[in-house]
Amino acid sequence: MSSENSSADDARQVWDVVVVGAGPAGASAAYAAAVAGRRVLLLEKAELPRYKTCGGGIIGPSRDTLPPGFELPFQDRVHAVTFSNNGRFTRTRRSRQMLFGLINRPDFDLQLVEHAQKAGAELRTGASVTRVEQHGSAVPDRRTVAVVLQGGETVLARAVVGADGSASRIGAHVGVKLDQVDLGLEAEIPVPETVAEDWKGRVLIDWGPIPGSYGWVFPKGDTLTVGVISARGEGAATKRYLEDFVARLGLAGFEPSVSSGHLTRCRADDSPLSRGRVLVCGDAAGLLEPWTREGISFALRSGRLAGEWAVRISEAHDAVDARKQALNYAFAIKAGLGVEMSVGKRMLTVFERRPGLFHAALTGFRPAWKAFKDITQGSTSLGELVRSHPLAQRALGAMDRRSEAAEASARSASPAGEETGA
């Protein structure tokens, strides 16, 4: 940007990039745009640090995307996973190398924001965005987006990144369409030292009683993060699963310091990722892995891409060029995270019908455990695994066919199905 344009922008306070939401996606976007030397404003409605319902697992792809010099505030390092199938057939598998690390989101998110600030981004907390406008009286020209805050104040930008979570206002503006919505319930349970010691370095993953559900225990020093997730619409059954899970673990006698719930949302395949000069990333875009509902690595990776492409959009002199850059961003997302999501969706479909099959594979079939290790450690991804391993391709294909056969059998056995030809 020339100095002449820059001084004109200063007079009207036009930011190159405004990022809405200071979670992992927003902080990554702000960092990427600020490192490129642009004037970046990061807006967050809460005061930092703030609590977020989240297991807090940091897998390899998350570590690989962090800013240089970022020191992860690990509460624990995981070397063992105990698997159970609705409380039964429990088996623990171990790894010499760390599988993944566990963080508390308030600390992690704050540190990411601080890195964005060090790179030059300006943070403004207590700023609640009500809407964005790309046309109308609030917008001085076609190269500008108006971000309207609660109370009526307007902030102007050359490009906007929506990273305002799963109930995103920016996502609504872009027209994000959702394919899958799940309810996660979680409790942070302080435990005595003897209990904490038993869990040190080990997590539990329990395949649950509701189709597609599972539970987890993540140790973080003197606190255990215990949670469950399943499809939305099963609220009472999900709550009961968490209560039974906590009781079965012998943790019902301990009072949680925090109990919370959260909806996770996966985008539909044809859901837009941009509109005009506005991009969405992370939960706001519905980007997360459909089977495990892992979202932190998706937030970090999509946030970084959104920040990089927002810089290019901010430099676009007309709508055609801005559109081209936005399409390039969408292509980058779909080529990487989109492939992982489509494999995850297939995995979830099979898992909903055959959780026992997954349990047997992970606890008794060495290649399945190796794949789990490779994905969590970051040496491969779900998408790469299926692309490059014939055995994984064959296994997933066979599971797909079994699911389709079971579906066809259920339809033909249903009188309603015969009647309607469904």
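Treat the numbers as computed from the prediction; the structure is a model and nothing was measured.

Rules and cut-offs
- Residues numbered from 1 in each chain as written.
- Predicted model: local features only at pLDDT ≥ 70, side-chain atom pairs only at ≥ 80, totals over all residues.
- Heavy atoms only, no water.
- 1 Å grid on protein atoms, 1.4 Å probe; cavity = no way out; pocket = protein on both sides within 12 Å on 5 of 7 lines; lining within 4 Å.
- Points joined across faces, edges and corners; volume = space filled by probe spheres on them.
- Helix = DSSP H or I, 4+ residues; strand = E, 2+ residues; numbered from the N terminus.
- Pairing = 2+ DSSP bridges.
- Axes fitted to C-alpha atoms, helices over the stretch in contact; angles between N-to-C directions.
- Buried < 20%, exposed > 50% of the residue type's maximum accessible area, 1.4 Å probe, protein only.
- Right-handed = clockwise from strand over helix to strand, strands pointing away.

A. Up close: the layout of surface pockets. Of the pockets and cavities examined, the second largest pocket occupies roughly 360 Å³. In terms of lining residues, the second largest pocket is bounded by 20 residues, among which Gln134, His135, Arg142, Gly276 and Ala319 are the most central. Contributions of two or more residues to the lining of the second largest pocket are made by β17 (274-275) and α9 (319-353). With four residues, the top contributor of residues to the lining of the second largest pocket is α9.

B. Local environment of the sheet that holds strand β15 (residues 223-231). With mixed pairing, seven strands are arranged side by side in an open sheet as β6-β5-β13-β14-β15-β12-β16. At either end of the open sheet lies a strand with only one pairing partner, and these are β6 (88-94) and β16 (258-267). Averaged over all neighbouring strand pairs, the angle between strand axes comes to 20°, with direction disregarded. Alignment of strand β5 (residues 80-85) against strand β13 (residues 202-207), held across six bridges, turns out to be parallel. Pairing of Ser84 across the sheet is with Asp206, part of β13.

C. Spotlight on unusual backbone geometry. Residue Pro49 is bonded to the preceding Leu48 through a cis peptide linkage, with omega at -5°. With respect to the helices and strands, the residue Pro49 is situated in the loop between β2 (40-44) and β3 (57-58). A positive phi is found at Asn86, a non-glycine position, where the angle reads about 50°. Inspection of the secondary structure assignment puts Asn86 in the loop between β5 and β6. Judged by its relative accessible area of 29%, Asn86 is partly exposed. With a phi angle near 60°, Arg293 is a residue other than glycine that sits in the positive phi range.

D. View of the environment of Glu315. Relative to the helices and strands, Glu315 is located in helix α8 (residues 296-315). What makes Glu315 partly exposed here is its relative accessible area of 37%. Taking C-alpha positions, Glu315 is 8.8 Å from Ala159, a pair spaced 156 residues apart along the chain.

E. View of the sheet that holds strand β4 (residues 76-78). The antiparallel open sheet is built from three strands, whose spatial order is β3-β7-β4. If you trace the sheet from one side to the other, it starts and ends with β3 and β4, each paired once. Relative to strand β7 (residues 100-102), β3 is paired through two bridges, and the arrangement is antiparallel. Bridge pairing in β7 links Gly57 to Leu102.

F. Quick look at the pairing of β2. Extensive coverage of β2 is indicated by the burial of five of its five residues. Neither face of β2 is left uncovered, since the one carrying Val40, Leu42 and Glu44 and the one carrying Leu41 and Leu43 both have all their residues buried. Remark: the strand β1 (residues 14-20)/helix α2 (residues 24-35)/β2 crossover connection has right-handed handedness. Sheet analysis places β2 next to strand β8 (residues 122-125), joined by four bridges and oriented parallel.

G. Local environment of the pairing of β13. β13 sits mainly inside the fold: six of its six residues count as buried. In β13, alternate side chains face the same way, and those of Arg202, Leu204 and Asp206 on one face and Val203, Ile205 and Trp207 on the other are all buried. The pairing of β13 with strand β14 (residues 214-220) spans four bridges and is antiparallel. Within β14, the position partnered with Leu204 by the bridge is Val217. The loop that links β13 with its antiparallel partner β14 comprises six residues; one of these, Gly212, has a positive phi angle of about 85°.

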